[in-house]
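Each chain is listed here by its residues.
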Amino acid sequence: MRRRVRPGRVALVVFVTLTGVWLVAPTLVVIPMSFTEARTFAFPPKGFTFEWYSNFFTDRQWYDALFTSLRIAVLVTIVSVVVGTAAAFGLVRGRFRGKGLMQAFILTPTIVPVVVVGVAIFATYLRWRISGTTLGFVLAHTALAIPFVVVTVSASVRTFDRRLERAASNLGAGPWTIFRTVTFPLIRPGVVSGALFAFITSFDEVVVSLFIQSPMVRTLPVQMFSSVTREIDPTLAAASTMIVVFTTTLILLTLFLQTRGSDAR
Amino acid sequence: MPGWLRQAFGDRWLLLVVPTLAFLLIFFGYPVVQMLLRSVQEPTSGLGNYELFFQTEVYVKILRRTVTTAIIVTVVCLALAYPYAYLMSIVSRRWRIVLLAVVLLPFWTSLMVRTYAWIILLQDTGIVNDVLERAGIGRQSLIRNTLGVTIAMAQILLPFMVLPLYAVMQGIDRRLVQAAESLGANPAKAFLRIYVPLSMPGVIAGATLVFILSLGFYVTPALLGSPQNAMLSQLIVQQVSTLLNFGMGGTMAAILLAVILVILLGISRVVRPSAAYDAVGPR
Amino acid sequence: MPDKTTAAGAALQLDGLVKRYGDVVAVNGVSLDIEPGELITLLGPSGSGKTTTLNMIAGFAEVTAGSIRMAGRPIADLRPHKRGIGMVFQHYALFPHMTAYENIAYPLKQRKVPKAELRARVEEVLALVSLQDHGDRYPRHLSGGQQQRVALARAVVFSPKVLLMDEPLGALDKKLRERLQLEIKRLHRLLGTTVVYVTHDQEEALVLSDRIAVFNEGRIEQVGTSEELYERPRTRFVAEFLGESNLFAGRIDRGDREPAIVTDHATLRAPSSCDAQDGAECVLLVRPERLRVAHQPPSGADNVLDATVRQVIYLGSSRKVELMLPGDHVVVVREPAGAVTELGEGDRVHVSWGRDDGVLLPERDGAPAAGDSLAVPA
């Protein structure tokens, strides 16, 4: 059966395709940029070299920043997942007054502009003498990450069939065993999602990190920011490319797994 | 629920929430409150900082520029995102995933990377200017001014408009539009009269989100703009980071927050929160 | 093989069980003595309290009042996971992230059964439900009937003394249900466990049960074997819930030597065991297969009434005849196939039955008529 193609539909598809290109293409310029031989931002780049990639892993400034970011992001993920998952359970299963208020409050770090959060945290952490320390970073980033964890894990907990917990109880499992063997495995996708959100929120965090940075603790985004403002260093392009490749792989993998998972049903 | 269970867990669920609440109160809530307090305490008690802000012509200009830019960015994003989200909601599953991936990729890519990419593109010797020159329009100054900032922000914030729009659109029962057409309305009219109003909750959600994000945006205006055309966020950073003037910095942050709160309150008056559910037809 | 002697069921004693949810009383004084190894069905309409009673035995509903004893030991204060009672849930509640094998092994793991023995018992039980080749399948790759059998296997693998089943076959189609009913019956014989089965399907109850407890509005109206409940129901509710009924409402008249029931349109001879008082309101129940239809008035029958044939329905193995009696009273007759009499719609016939073919029931639901000695567990 031939479907009549409406001209409106054609125009729509063209428009959307252009929008799609507009969404993705600009970011892609960093890739060829990372191979340039000259120390400029000129595009198209001249020459071809892996120099900037190796520089990323040999220049202290850069790889220190990378490991600092990784270290902080891992800690942030652990703390926010543990604390946030517990909160998700409490909010979904509990029946107590003020639950709505609590849920709204937990979301406020996402509503308040980051620059405001940065000012507030910088001022207070300075007084507490934790600004510029790993601890300060972990605390600040965790505050930003927790809402994501709570929201994603809550969704998983909400759709979990509690009759399975009943069955497990009937079969002889105590409360903790039930959580370990039945509940957690089934909400794990939500927890993993939340962990991913938390990790990326911390790893990519720029504004608050700019405020509370110190020579001892400099995260990768901060390093990238000062690289742009200070000198022309194509290592920035190499770092950007690696981030783009990594993020893209992660997204595509997640989407692929999701489609595979639902096909198997 | 058995009594022993209820007794143990009735309040125990609350216990699980306490760590999160405590954490956020101490390490987030308290700092924000402190900042607001300092804005009316430093350097002197009272609303002196606020008065000073609104009396300083430069500051007011910056505030106006910030709001105007945010409006423009929101409108542009809406224009681009609406068709995109619409197509996403009507194509087959396979294509939907493709379109979703195209939106999620930039969404998850580091903000620094995306801003840096725009620097490369918009600079005077950049590719955009090369194209403009070839096209006969001539080189323009696209960087270190508001135009460049606006263009970059419109691209960077676009996913935040697409996703809420799509979320609402996928729940709209398109048979309603078909019904209108069967009753005699031409496709365009049916779309305008039926579909668009049903998509309003998504439009409002997306527009609010993008607008609020634009107001507080720092990285892109800071790197693509210049001190001559600064946004409010850059002003705040300058006050706090460079001048360590927490009083005025806090004041500006408070003003930014106030603008956002006003918008949110205005939205909640205009839109019934349940409106989003009215549009959702049977799946 | 789960050892028959150790797996043999335990006695279960329910004593004055009450369950209150705020102002609503879901279970209003249920007492029941369940024999070791019997399969007793809790039968009743939705909301009659049978599932709530089951949940109290399992430990998922707190007992408001009353006690539950298993093999003499009170268990109402024990947490569910300490009761050692097997349960099959209505929608199976199989763990989706575990294979059939792992599902069945779960209770054994909780009891720290050593690996070799665990393996042997799981495979044994899989064979018992004819799923020995399906152990490594996930629930989503099993049909409804197969899932139900895995649920069953999981519930019996640890040789519980009591097995609870909460409308386990409700989600299956008729043919599958019938097949699984027989499976369950077979397994029950094999394992000797005490089984408490909840259902609203009276046919299912009749097929499976050693005894049936009929629930109505939070109380048990009558307990007995299928035959007892069918042939000698004690209340109108039980009579109407199990099987088809023909009911004649009227008053007792002991004036003549033989007790009679006076209805609006006829005087009927009461069953010889009738000891109700003169003037008592009552209902006479006659089951469809006890009625005879003939064109000529039969000689020697205790009760004969004029009727008109409304409909004849051929059912293959039997025949159902709907008769219209005076006063717009419809009565149903069941005759085995090969009945001799030719009947057509509109025929004037006579319906008859012996006086002991009828059962006398109290008029009001659940309340015994004056003089009737009823020992309804209250």
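Please read these numbers as outputs of a predicted model, since none were measured by experiment. (Residues numbered from 1 in each chain as written. Chains lettered and ligands numbered in written order. Predicted model: local features only at pLDDT ≥ 70, side-chain atom pairs only at ≥ 80, totals over all residues. Heavy atoms only, no water.)

**Description of the overall build of chain B**
Across its full length, chain B holds 15 helices and zero strands. For 283 residues, the compact-globule formula gives about 19 Å, and the C-alpha radius of gyration of chain B, at 24 Å, lies well above that figure. Its C-alpha atoms put chain B at 80 × 65 × 30 Å along the principal axes. Look at the contacts in chain B between residues 6 or more apart in sequence, and 70% of them connect residues 24 or more apart. For chain B, the exposed surface amounts to about 13300 Å²; the carbon and sulfur share of it is 66%. Side chains of chain B carry 20 positive and 10 negative charges; the gap between the two charge centres is 10 Å. (Helix = DSSP H or I, 4+ residues; strand = E, 2+ residues; numbered from the N terminus. Rg over C-alpha atoms; globule rule 2.2 N^0.38 Å. Contact = heavy atoms within 4.5 Å. Areas by Shrake-Rupley, 256 points an atom, 1.4 Å probe, with all protein chains shown as cover. Lys, Arg positive; Asp, Glu negative; His and termini not counted. Charge placed at Lys NZ, Arg CZ, Asp CG, Glu CD.)

**Side note on the state of the cysteines**
If you walk through the whole model with that rule in mind, you get zero disulfides over all chains. In this structure C:C282 is not part of a disulfide, and its nearest cysteine sulfur, from C:C274, lies 7.1 Å away. (Disulfide = S-S within 2.5 Å.)

**Here's the deal with the domain arrangement of chain B**
The figure often quoted for interface size is the accessible area lost as the parts come together. Residues and elements named next belong to chain B. For chain B, the domain assignment lists domain 1 (1–39) and domain 2 (47–277). Buried area between domain 1 and domain 2, both sides added, is near 500 Å², and the carbon and sulfur share of it is 66%. A per-residue breakdown of the area domain 1 buries against domain 2 is headed by M35, R38 and S39, which together make up 82% of the total. Seen at the junction of domain 1 and domain 2, the total is zero salt bridges. In terms of residue class, the side of domain 1 that touches domain 2 is made up of two nonpolar, one polar and one charged. (Domains from an automatic or database assignment. Buried area = accessible area lost by both parts, 1.4 Å probe. Salt bridge = Lys/Arg side-chain N within 4 Å of Asp/Glu carboxyl O. Nonpolar A, V, L, I, M, F, W, Y, C, P; charged D, E, K, R; others polar.)

**Some details on the environment of A:G118**
Residues and elements named next belong to chain A. Relative to the helices and strands, G118 is located in helix α6 (residues 114–127). According to the relative accessible area criterion, G118 is buried, its value standing at 0%. Spatially, the C-alpha atoms of G118 and V208 are 4.2 Å apart, while their sequence positions differ by 90 residues. Sequence-distant contacts of G118, defined by excluding residues within four places in its chain, comprise V208 and F211. (Buried < 20%, exposed > 50% of the residue type's maximum accessible area, 1.4 Å probe, protein only.)

**Digging into the nonpolar core**
Residues A:F211, A:L220, B:Y116, B:L232, C:L32, C:F95 and C:L164 are the most contacted members of the largest nonpolar core, which totals 236 residues. The leading source of residues in this core is helix α4 (residues 57–90) of chain B, at 15 residues. Shared between two domains, this core holds at least three residues of each, these being domain 1 (1–39) and domain 2 (47–277) of chain B. Every residue in contact with C:L32, bar those within four places of it in the chain, is listed here: C:L12, C:Q13, C:L14, C:I40, C:L42, C:A213, C:I220 and C:V223. Formed by 27 residues, the second largest nonpolar core is a distinct cluster that contains C:I261, C:V286, C:L305 and C:W353. (Core = buried A, V, L, I, M, F, W, Y, C linked by side-chain atoms within 4.5 Å.)

**Side note on the interface of chain C and chain A**
Every contact between the two is made by 24 residues of chain C and, on the other side, 19 residues of chain A. When the two sides are added together, the surface that chain C and chain A hide from each other amounts to roughly 1800 Å², 63% of it contributed by carbon and sulfur. Summed over the shared surface of chain C and chain A, the number is zero salt bridges. Applying the counting rule to chain C against chain A returns six residue pairs in polar contact (both at pLDDT 80 or more). Contributions of two or more residues to the side of chain C that touches chain A are made by β6 (86–88) and α3 (100–110) of chain C. The greatest single-element share of the side of chain C that touches chain A, amounting to three residues, is contributed by α3(C). In the side of chain C that touches chain A, the residues fall into 13 nonpolar, seven polar and four charged. (Polar contact = N/O pair within 3.5 Å; in protein donor to acceptor, adjacent residues only side chain to side chain.)

**A look at the sheet that holds strand β12 (residues 260–262) of chain C**
All names here are of chain C. Spatially, β13-β12-β11-β14-β20 is the arrangement adopted by the five strands of the open sheet, whose pairing is antiparallel. Pairing within the sheet leaves two strands with one partner each, and these edge strands are β13 (267–269) and β20 (358–362). Each strand of the sheet is rotated relative to its neighbour by a mean of 45 degrees, with strand direction disregarded. The sheet contact formed by strand β11 (residues 246–253) and β12 spans three bridges and is antiparallel. Bridging from a neighbouring strand, R251 pairs with V262 of β12. (Pairing = 2+ DSSP bridges. Axes fitted to C-alpha atoms, helices over the stretch in contact; angles between N-to-C directions.)

**Comments concerning the side chain of B:R38**
Structurally, the position occupied by B:R38 is in helix α2 (residues 12–39). Every residue in contact with B:R38, bar those within four places of it in the chain, is listed here: A:A123, A:R127, B:N49, B:F246 and B:G247.

**A short note on unusual backbone geometry**
For C:S159, which is not glycine, the phi torsion reads 50 degrees and is therefore positive. On the basis of relative accessibility, which here comes to 19%, the residue C:S159 falls in the buried class.

**Remarks on the pattern of salt bridges**
Per the stated rule, a full pass over the model turns up 20 salt bridges over all chains. Residues C:E117 and C:R121 are paired through a salt bridge, measuring 3.0 Å at the closest nitrogen-oxygen approach. Here C:E117 pairs with C:R121, and both are found in helix α4 (residues 115–128), just four residues apart, close to one helical turn. Residue C:D302 pairs with C:R269 through a salt bridge whose shortest N-O separation is 3.4 Å. Here C:R269 lies in strand β13 and C:D302 lies in the loop between β15 (292–294) and β16 (303–314), a separation of 33 residues in the sequence. Sharing partners across several salt bridges, the network here consists of A:R93, A:R162 and A:E165.

**Brief notes about the interface of chain A and chain B**
Contact residues are listed per partner, giving 79 residues for chain A and 76 residues for chain B. Both sides together, the interface formed by chain A and chain B hides about 7100 Å², and carbon and sulfur atoms give 83% of it. Sorting the residues of chain A by area buried against chain B places A:W22, A:L23 and A:F105 first, and these three jointly supply 10% of that buried surface. At the junction of chain A with chain B, the criterion picks out six residue pairs in polar contact (both at pLDDT 80 or more). At 13 residues, helix α12 (residues 235–263) of chain A tops the list of elements feeding residues into the side of chain A that touches chain B. Taken together, the residues of the side of chain A that touches chain B break down into 58 nonpolar, 15 polar and six charged.

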